[in-house]
Amino acid sequence: MGEREEVKLLGVWYSPYAIRPKIALRLKSVDYDYVEEDLFGSKSELLLKSNPVHKKVPVLLHNNKPIVESLNIVEYIDETWNSFGPFILPSHPHDRALARFWSDFVDNKWFPALRVAAITKSEDTKAKAMEEVEEGLLQLEDAFVSISKGKPFFGGEAIGFMDICFGSLVVLLKAREKFKAEKLLDESKTPSLCKWADRFLSDETVKNVVPEIDKVAEFLQELEVRAQSAASRS
Amino acid sequence: MASSDVKLIGAWASPFVMRPRIALNLKSVPYEFLQETFGSKSELLLKSNPVHKKIPVLLHADKPVCESNIIVEYIDDTWSSSGPSILPSDPYDRAMARFWAAYIDEKWFVALRSFLKAGGEEEKKAVIAQLEEGNAFLEKAFIDCSKGKPFFNGDNIGYLDIALGCFLAWLRVTELAVSHKILDEAKTPSLSKWAENFCNDPAVKPVMPETAKLAEFAKKIFS
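Since we're looking at a predicted model, the values are computed, not measured.

J.: Help me understand the overall build of chain B, please; the structure alone is not making it clear to me.
T.: Scanning chain B from terminus to terminus reveals nine helices and four strands. In sequence order, chain B lays out its α and β elements as β-α-β-α-β-β-α-α-α-α-α-α-α. Radius of gyration (C-alpha) of chain B: 17 Å, near the 17 Å computed for a compact globule of 223 residues. The principal-axis extent of the C-alpha atoms belonging to chain B is close to 50 × 45 × 30 Å. Contacts spanning at least 24 positions in sequence make up 68% of the contacts within chain B whose residues lie at least 6 apart. Of the accessible surface of chain B, which amounts to about 10400 Å², a share of 54% is contributed by carbon and sulfur atoms. One finds the centroid of the 27 positive side-chain charges in chain B at a distance of 3 Å from the centroid of its 29 negative side-chain charges.

Here it is in structure tokens:
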């Protein structure tokens, strides 16, 4: 490749969504500049200009062209640097459809339920949401067993699209388990997922990219304190 | 490939079901259309989509594929040498198409659906404002993506055309019900012209429900 490619990633250190493109870029050995957005401050000019519709991170800027939405960015990275590193999406159409289906499930059904359980003040709503979270984990356990076919990852021998999607949330899960002393990933209920989670976090492409669980747990605590003081002020 | 190899579980009135039907038409793939009865879910549907229990579901050699936009990509990947490409070929254009398709489902369609359920005048006004903001975004997106051609995908309809176009019949039914033009030629001229071209496309015409029939159906289900 002759000309110097300019690759910039706008993110926030603890965001599971920002972790996804980081892992993908590492898998493809692509050099990039990382720009940390101010979590509690105002959004940068660059962010607002690059993502005027949602104004959120992560944003990938490739030669100044913005790509937004974390899984979109991962697919873009896979398709653009397609002669480098392993394939992130599987090659067989049915396997691709399954990877997309389960990522959609995680992002649009499972994780929103976890968020509701975390935020709600109603015990009833929390209980219902946690039921959904637990049911979802059982479904993901079955999906892992059937998709991995005995291999270490959803993607097979190496981490792939679904590993990146769900794995990016594992640090948050473990941090929450620490902070709230609540078990979410339970070896007795989802043994394969638990082993997969440990393998994912110790993978070469992942371990230096994800934030430390302790740091995230501390951060979740800070978030709660801020939320409570905001509530008492209003 | 025998038509019994490809089955689609769906319903004539569902815009999400229209998406894979248009895609299969574009690829000239014959299929068996298994219509669900409104109000109940068949054994086959529950078995093929145990997670969401929703239509559409594509069954290809008995292997299920779920979620309308995922099915469309699967059709494009599988019958890649037949018919035009549904997704654009350039990675950036593909990312744009996927982005706008997600926006349409998560923001624009949610607004349209809440309009049909909206109660008072205030609520209706708020939803109209949301839809019109969305239309303005989509007008700009259309100009950027189409680059002067008739469709988001260029000369032929593609992924993003299908993602938005499938809602046009329901949009018309809503406009009639509230006597208000939501897709307005004066505000979004390019999008309005696109809508006309989309509805006339040979892959779309056979599966687009007639407004009158859909309006009657809407009255039944929303009463």
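There is more to say after this.
J.: I keep staring at the side chain of A:Glu141 and nothing clicks. Help me out?
T.: Residues and elements named next belong to chain A. Relative to the helices and strands, Glu141 is located in helix 5 (residues 123–148). Buried and unpaired, Glu141 has no salt bridge, with Lys195 as the nearest side chain of opposite charge at 7.7 Å. Separated by 2.9 Å, the side chain of Glu141 and the backbone nitrogen of Leu193 make a polar contact. If we ignore the near neighbours within four places in the chain, the residues touching Glu141 are Thr190, Pro191, Ser192 and Leu193.

J.: I would appreciate a short explanation of the packing of helix 4 (residues 93–119) of chain A against helix 7 (residues 170–180) of chain A in the present structure.
T.: To characterise two packed helices, one gives the angle between the axes of the helices and the distance between these axes. Residues and elements named next belong to chain A. Look at helix 4 against helix 7: their axes get within 13 Å of each other, and the N-to-C directions meet at 25 degrees. Overall, the two elements helix 4 and helix 7 adopt an arrangement that is roughly parallel. Between helix 4 and helix 7 the crossing geometry is left-handed. For the pair helix 4 and helix 7, the contacting residues are Trp110, Phe111, Leu114 and Ala118 in the first and Leu172, Leu173 and Arg176 in the second. The residue inventory of the contact of helix 4 with helix 7, partitioned by class, reads six nonpolar, no polar and one charged.

J.: Before we go on, may I ask you to explain the nonpolar core in this structure?
T.: The tendency in soluble globular proteins is for nonpolar side chains to be buried as a group. Grouped together as the largest cluster of nonpolar side chains are 150 residues, with contacts concentrated most on A:Trp110, A:Phe166, A:Trp196, B:Ile22, B:Trp108 and B:Trp194. Looking at which element gives the most residues to this core, the answer is helix 4 (residues 91–117) of chain B, with 14 residues. Among residues more than four places away in sequence, those in contact with A:Trp196 are A:Phe144, A:Pro152, A:Phe153, A:Phe154, A:Asp163, A:Phe166, A:Gly167 and A:Val170.

J.: What exactly am I supposed to notice about the side chain of B:His52 here?
T.: Inspection of the secondary structure assignment puts B:His52 in the loop between helix 2 (43–48) and strand 3 (57–60). When neighbours within four sequence positions are excluded, B:His52 is seen to be in contact with A:Phe101, A:Phe105, A:Lys109 and B:Glu67.

J.: Honestly, the environment of B:Val29 in this entry has me stumped. Any pointers?
T.: All names here are of chain B. Considering the arrangement of structural elements, one finds Val29 in the loop between helix 1 (15–26) and strand 2 (32–35). Once the C-alpha coordinates of Val29 and Leu131 are considered, the two residues, 102 residues apart in sequence, prove to be 35 Å apart. The contacts of Val29, once residues within four sequence positions are left out, are Val6, Leu24 and Trp79.

J.: Help me understand the interface of chain A and chain B in this model?
T.: As a measure of interface size, the accessible area lost when the parts come together is often cited. Opposite the 24 residues of chain A that make contact, chain B presents 25 residues. Considering only the side of chain A, the residues that lose the most area to chain B are A:Val53, A:His94 and A:Phe101, jointly responsible for 25% of the buried surface there. Counting across the interface, chain A meets chain B through six salt bridges. In this assembly, chain A and chain B are joined by eight residue pairs in polar contact (both at pLDDT 80 or more).

J.: Is there a simple way to think about the packing of aromatic side chains in this case?
T.: By convention here, two paired aromatic rings are described through the distance between centres and the angle between planes. Residue and element names in this part refer to chain B. Enumeration over the complete set of coordinates arrives at 27 aromatic pairs over all chains. When the ring of Trp100 is compared with that of Phe137, the centres are 6.5 Å apart and the planes differ by 45 degrees; the resulting orientation is tilted. Here Trp100, found in helix 4, pairs with Phe137, found in helix 5 (residues 121–146); they are 37 residues apart in sequence, far enough to count as distant. What makes Trp100 buried here is its relative accessible area of 9%.

J.: Just checking my understanding: could you explain helix 8 (residues 191–202) of chain A for this structure?
T.: Residue and element names in this part refer to chain A. The first and last C-alpha atoms of helix 8 sit 17 Å apart over twelve residues, in line with the 16 Å expected at 1.5 Å per residue. Along helix 8, the residues that are buried comprise Leu193, Cys194, Trp196, Ala197, Phe200 and Leu201. Down the axis of helix 8, the smallest arc covering the buried residues is 165 degrees, so these residues share one side.

J.: Is there a simple way to explain the pattern of salt bridges in this structure?
T.: Pairing is possible between side chains of opposite charge, provided their charged atoms come close. For the coordinates displayed, the defined rule picks out 26 salt bridges over all chains. Put simply, A:Glu79 and B:Arg94 hold a salt bridge, and the shortest N to O gap is 2.9 Å. You can see A:Glu79 sitting in helix 3 (residues 70–80) and its partner B:Arg94 sitting in helix 4, one on each of two chains. The exposure classification of A:Glu79 matches that of B:Arg94, with both residues buried. The shortest N-O distance in the salt bridge between A:Lys183 and A:Glu187 comes to 3.7 Å.

J.: Explain the sheet that holds strand 1 (residues 6–10) of chain B to me, please; I cannot follow it from the model alone.
T.: Strand pairing in a sheet takes place through backbone hydrogen bonds and is either antiparallel or parallel in direction. All names here are of chain B. If you trace the four strands from one edge of the open sheet to the other, you get 2-1-3-4, paired in mixed fashion. Looking along the sheet, the strands with just one partner apiece sit at the ends: strand 2 and strand 4 (63–66). Across the sheet, the mean angle from the axis of one strand to that of its neighbour is 25 degrees, orientation sign disregarded. The pairing of strand 3 with strand 4 spans four bridges and is classified as antiparallel. Counted as the bridge partner of His60 is Lys63 from strand 4.

J.: Before we go on, may I ask you to explain the pairing of strand 2 (residues 33–36) of chain A in this structure?
T.: All names here are of chain A. The pairing of strand 1 (residues 7–11) with strand 2 spans four bridges and is parallel. Paired with Leu10 across the strands is Val35, a residue of strand 2. In the classification by handedness, the crossover that spans strand 1, the intervening helix 1 (residues 16–27) and the parallel strand 2 is right-handed.

J.: Looking at this model, I keep getting lost on the sheet that holds strand 4 (residues 65–68) of chain A. Mind explaining?
T.: Residue and element names in this part refer to chain A. If you trace the four strands from one edge of the open sheet to the other, you get 2-1-3-4, paired in mixed fashion. Two strands in the sheet have a free side with no partner beyond their single neighbour: strand 2 and strand 4. Strand-to-strand twist in this sheet, taken as the mean axis angle between neighbours without regard to direction, amounts to 20 degrees.

Definitions and limits used
- Residues numbered from 1 in each chain as written.
- Chains lettered and ligands numbered in written order.
- Predicted model: local features only at pLDDT ≥ 70, side-chain atom pairs only at ≥ 80, totals over all residues.
- Heavy atoms only, no water.
- Helix = DSSP H or I, 4+ residues; strand = E, 2+ residues; numbered from the N terminus.
- Rg over C-alpha atoms; globule rule 2.2 N^0.38 Å.
- Contact = heavy atoms within 4.5 Å.
- Areas by Shrake-Rupley, 256 points an atom, 1.4 Å probe, with all protein chains shown as cover.
- Lys, Arg positive; Asp, Glu negative; His and termini not counted.
- Charge placed at Lys NZ, Arg CZ, Asp CG, Glu CD.
- Buried < 20%, exposed > 50% of the residue type's maximum accessible area, 1.4 Å probe, protein only.
- Salt bridge = Lys/Arg side-chain N within 4 Å of Asp/Glu carboxyl O.
- Polar contact = N/O pair within 3.5 Å; in protein donor to acceptor, adjacent residues only side chain to side chain.
- Axes fitted to C-alpha atoms, helices over the stretch in contact; angles between N-to-C directions.
- Parallel < 35°, antiparallel > 145°, perpendicular 65-115°, else oblique.
- Left-handed = near helix turned anticlockwise from the far one by under 90°.
- Nonpolar A, V, L, I, M, F, W, Y, C, P; charged D, E, K, R; others polar.
- Core = buried A, V, L, I, M, F, W, Y, C linked by side-chain atoms within 4.5 Å.
- Buried area = accessible area lost by both parts, 1.4 Å probe.
- Phe/Tyr/Trp six-rings, centres within 6.5 Å; stacked < 30°, edge-to-face > 60°.
- Expected span 1.5 Å × (residues − 1).
- Arc of directions from axis to C-beta.
- Pairing = 2+ DSSP bridges.
- Right-handed = clockwise from strand over helix to strand, strands pointing away.

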